[in-house]
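Listed below are the residues making up each chain.
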Amino acid sequence: MKPACDAPREAPQALFQAPWPKMAPHPPVPPAPRPLAPVPAPARLPFPPDAKYAYIDLQRVANESRDGQLANQRVQELGEAKVKVLEGRNIELQASQQKLQQTANVMSAEAQLQLQREIERLSVEIQRLTQDAETEVGELQQTLQLEFQQKLVPAIDSVAARLGLHFVFSAGDGGLIWANPALDITADVVDELDKASQQTP
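So, here is what we can say about the structure in this document. Note that the structure is a prediction, hence the values are computed from the model and not measured.

**Some remarks on the overall build of the protein chain**
Turning to step 1, where the next piece is worked out: Counting secondary structure elements, the protein chain contains four helices and two strands.
Turning to step 2, where the next piece is worked out: Of the regular secondary structure in the protein chain, the N- to C-terminal order runs β-α-α-α-β-α.
Turning to step 3, where the next piece is worked out: Looking at the protein chain residue by residue over its 201 residues, the buried ones come to 39%.
Turning to step 4, where the next piece is worked out: When contacts within the protein chain are restricted to residue pairs at least 6 apart in sequence, those whose partners lie at least 24 apart make up 88%.

**A look at the pattern of salt bridges**
Turning to step 1, where the next piece is worked out: Counted under the stated rule, the structure contains eleven salt bridges.
Turning to step 2, where the next piece is worked out: Linking Asp184 and Arg60 is a salt bridge whose minimum nitrogen-to-oxygen distance equals 3.1 Å. With a gap of 124 residues between them, Asp184 in the loop between strand S2 (167–170) and helix H4 (186–199) and Arg60 in helix H1 (residues 58–64) connect regions that are remote in the sequence. Here Asp184 and Arg60 have matching classes, each one buried.
Turning to step 3, where the next piece is worked out: A salt bridge links Asp188 to Arg162, with the nearest nitrogen and oxygen atoms 3.9 Å apart. Here Asp188 is found in helix H4, whereas its partner Arg162 is found in helix H3 (residues 109–163), with 26 residues between them in sequence.
Turning to step 4, where the next piece is worked out: Among the residues examined, Asp188 registers a relative accessible area of 18% and is labelled buried.
Turning to step 5, where the next piece is worked out: Here the salt bridges share partners, and the residues they tie into one network are Arg89, Glu92, Glu118, Arg121 and Glu125.

**Digging into the packing of aromatic side chains**
Two measures describe an aromatic ring pair: the distance that separates the ring centres and the angle between the ring planes.
Turning to step 1, where the next piece is worked out: Taken as a whole, this structure holds two aromatic pairs when the rule is applied.
Turning to step 2, where the next piece is worked out: Considering the side-chain rings of Tyr53 and Phe167, the 5.7 Å spacing of their centres and the 10 degrees angle between planes classify their relative orientation as stacked. With Tyr53 in strand S1 (residues 53–56) and Phe167 in strand S2, this residue pair connects regions lying 114 residues apart in the sequence.
Turning to step 3, where the next piece is worked out: Looking at Tyr53, the relative accessible area reads 45%, which means it is partly exposed.
Turning to step 4, where the next piece is worked out: Residue Phe167 is classed as partly exposed on the basis of its relative accessible area of 38%.

**Looking at the pairing of S2**
Turning to step 1, where the next piece is worked out: Because side chains alternate across S2, one face comprises the buried residues Val168 and Ser170, and the other comprises Phe167 and Phe169, none of which is buried.
Turning to step 2, where the next piece is worked out: Looking at chain direction, S1 and S2 are connected through four bridges and run parallel. Its bridge partner lying in S2, Ala54 is registered against Val168.

**Let's talk about the packing of H3 against H4**
Turning to step 1, where the next piece is worked out: Relative orientation of the contacting elements H3 and H4 amounts to 120 degrees, with a least axis distance of 9 Å. Viewed along their axes, H3 and H4 adopt a mutual orientation that is oblique. In the packing of H3 onto H4, the handedness of the crossing is right-handed. Where H3 abuts H4, its residues Phe148, Lys151, Leu152, Ala155, Ile156, Ser158, Val159 and Arg162 lie against Asp188, Val189, Glu192 and Leu193.
Turning to step 2, where the next piece is worked out: When the residues that make up the contact of H3 with H4 are grouped by side-chain class, the tally is seven nonpolar, one polar and four charged.

What counts, and at which threshold
Residues take numbers from 1 onward in each chain, read along the sequence in its written order. Residues qualify for local features only when their pLDDT is at least 70, as the model is predicted, and side-chain atom pairs are given and counted only at 80 or more; totals for whole chains, interfaces and linings, by contrast, use all residues. In computing side-chain properties, one takes all heavy atoms of the structure into account and sets aside hydrogens as well as water. In this text, helices come from DSSP runs of H or I with a minimum length of four residues, and strands from runs of E with a minimum of two, each type numbered from the N-terminal end. Relative accessibility under 20% of the residue-type maximum defines a buried residue, over 50% an exposed one, and the middle range a partly exposed one, all with a 1.4 Å probe and only protein chains included. We call two residues contacting when some pair of their heavy atoms lies within 4.5 Å. Take a side-chain nitrogen of Lys or Arg and a carboxyl oxygen of Asp or Glu: if they are within 4 Å of each other, that pair is a salt bridge. Stacked, tilted and edge-to-face are the three classes applied to pairs of Phe, Tyr and Trp rings, where Trp contributes its six-membered ring and a pair requires centres within 6.5 Å; stacked means planes under 30 degrees apart, edge-to-face means over 60, and tilted covers the rest. Here, strands pair whenever DSSP counts at least two bridges between them. Simply put, an axis is a line fit to the C-alpha atoms, just over the touching stretch for a helix, and the angle between two N-to-C directions goes from 0 to 180 degrees. In these notes the angle categories are as follows: under 35 degrees is roughly parallel, over 145 is roughly antiparallel, 65 to 115 is roughly perpendicular, and the rest is oblique. Crossings are classed by handedness, with left-handed meaning an anticlockwise turn of the near helix from the far one by less than a right angle and right-handed meaning a clockwise turn. Amino acid classes used here: Ala, Val, Leu, Ile, Met, Phe, Trp, Tyr, Cys and Pro are nonpolar; Asp, Glu, Lys and Arg are charged; the rest, including Gly, are polar.

Structure, rendered in structure tokens:
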């Protein structure tokens, strides 16, 4: 009987994340997103030779595999670039607001009106840029998610076939309450992904 692998045909959402600041028209400029500190992988235990079930932590696969790290880096770099642009616009907006507050008493009505229009223009531009940036980052995450899934499923299939498994469960989707740590094949799937990545020019 050919081993069956219950590999996920739809990878979980948001494996590749860049913390995205919700920027109002004129808040203090938030810091650029920083990568999360790497979490050391748990020690690998010998896989029980007669086991027909196993589980995998897909978030760990995304964090530890070469393809996952490259995808996370791309999302991170795009997010930081977008935040940098928004920081510049926020600085302009804050400068205009400060100028209006400090010089309103000595400015002509026409100059005040012109400056207020500039503030409104910058506020609208920041809102638009924020929405566009969030959309662009989200689209990149979705694209990378699909590309990663195309590589992930064959890797899980390969590991499951090699170990003679009947089912592979996902540890991060809320359905797995407890399992023997020896049944964790996350590291095996990471190894399989990295091996395939090295073979791809």
